[in-house]
Amino acid sequence: MLQNLINLFFPKSCAGCNSFLLSNEYVICTECRHEIPLTNHHKLKNNEAFSKFYGRIPLEFAAAFFYFHKKGIAQEMIHKLKYKGHQEIGTAIGFWYAEELKKCIEISDVDFIIPVPLHAKRLKERGYNQVTTFGESLSESLNLKYNDKILVRNRYSKTQTTKSILGRSTVVENIFGVQFDENQHNKHFLLIDDVITTGSTLEACSRELLKIPGAKISIVCMAMTQ
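For the structure given in this document, a descriptive report is provided here. (Residues numbered from 1 in each chain as written. Predicted model: local features only at pLDDT ≥ 70, side-chain atom pairs only at ≥ 80, totals over all residues. Heavy atoms only, no water.)

1. Side note on the overall build of the protein chain
Along its length, the protein chain carries nine helices and seven strands. The buried share among the 226 residues of the protein chain stands at 50%. Considering only contacts within the protein chain whose residues lie at least 6 apart along the sequence, 75% involve residues at least 24 apart. When the accessible surface of the protein chain is summed, it comes to about 12,000 Å², and 51% of that surface belongs to carbon and sulfur atoms. (Helix = DSSP H or I, 4+ residues; strand = E, 2+ residues; numbered from the N terminus. Buried < 20%, exposed > 50% of the residue type's maximum accessible area, 1.4 Å probe, protein only. Contact = heavy atoms within 4.5 Å. Areas by Shrake-Rupley, 256 points an atom, 1.4 Å probe, with all protein chains shown as cover.)

Written out as structure tokens, the structure reads:
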């Protein structure tokens, strides 16, 4: 009853279109769930996300949940998640995507979910890593371990939001590092991030993870530019 009263005076709005949510809706309204452009990458191993990294790094699997279009639903949601503190968006997307990823045999033997890390200074500025709740909900739903200590970001860099594609592709060298012990040898790591653009950040992170003896890498992101 108390929650109903709170919702009456402070109604929650959809992360995608800002319309008021119905009592049975969570974070994203039903209409936006139907309108958001899904990639269906999880249904095909040799999809466009996987192809983006072909010849760059050896991957077991790669996928993004939906397409990221300028001024689209995905952009609205991820902007709120990344810059407005709406971490519940990551949770909602994670649980939603997990139901599809359960059907992927390519990641059935994953051992750890690894987020692309933020530098300590950036983490202090923002207060959170925008992919944490996404990763935690995947972890809970897929029954996988979430580890945000293996990958580290060694160098602080300014946001890439306004950088050109070329600028983004050259900025990530030597930024990341990896710290591990024998417990991480011969493991399958699921690397996660918010949006795949050029793939350079994910490539740099994967190269660090591949320094672990016997490591296998898969990549899953919330969205991908098209």
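2. Some details on helix α7 (residues 132-142)
The element α7 is largely enclosed, with a buried count of nine among its eleven residues. Along α7, the residues classified as buried are Thr-132, Thr-133, Phe-134, Gly-135, Ser-137, Leu-138, Ser-139, Ser-141 and Leu-142. Buried residues along α7 sit in contact with α4 (73-83), α5 (88-101), β2 (112-115), β3 (145-146), β6 (188-196) and β7 (216-225). Following α7 by one or two positions, Asn-143 has its phi on the positive side, about 60°.

3. Thoughts on the nonpolar core
Formed by 40 residues in total, the largest nonpolar core has its most connected members in Ile-28, Phe-66, Met-77 and Ile-93. When contributions to this core are tallied by element, the ones reaching two or more residues are β1 (61-68), α4, α5, α7, β6 and β7. In terms of residues, this core owes the most to one element, α5, which gives seven residues. If we skip the residues at most four places from it in the chain, Ile-93 touches Ile-28, Phe-65, Phe-66, Met-77, Phe-134 and Met-222. (Core = buried A, V, L, I, M, F, W, Y, C linked by side-chain atoms within 4.5 Å.)

4. Some thoughts on the sheet that holds β7
The strand order across the open sheet formed by five strands is β1-β7-β6-β2-β3, and the pairing between neighbours is parallel. In this open sheet, the two strands that pair with only one neighbour each are β1 and β3. As paired elements, β1 and β7 share seven bridges and run parallel to each other. Note that in β7 the partner of Phe-61 across the bridge is Ser-218. (Pairing = 2+ DSSP bridges.)

5. A few points about unusual backbone geometry
Excluding glycine, a negative phi dihedral is what most residues carry, and trans is how most peptide bonds are arranged. Located in the positive-phi region is Asn-40, a residue other than glycine, with phi close to 60°. If you trace the backbone, Asn-40 turns up in the loop between α2 (30-35) and α3 (48-52). The exposure class assigned to Asn-40 is partly exposed, which follows from its relative accessible area of 36%.

6. Details of the pattern of salt bridges
The full count for this structure, using the stated rule, is ten salt bridges. A salt bridge links Lys-80 to Glu-76; its shortest N-O distance comes to 3.3 Å. Here Glu-76 and Lys-80 lie together in helix α4, a separation of four residues that amounts to about one turn. Judged by its relative accessible area of 12%, Lys-80 is buried. For Glu-76, a relative accessible area of 29% gives the class partly exposed. Linked through salt bridges whose partners overlap, the residues forming this network are Arg-56, Glu-203 and Arg-207. (Salt bridge = Lys/Arg side-chain N within 4 Å of Asp/Glu carboxyl O.)

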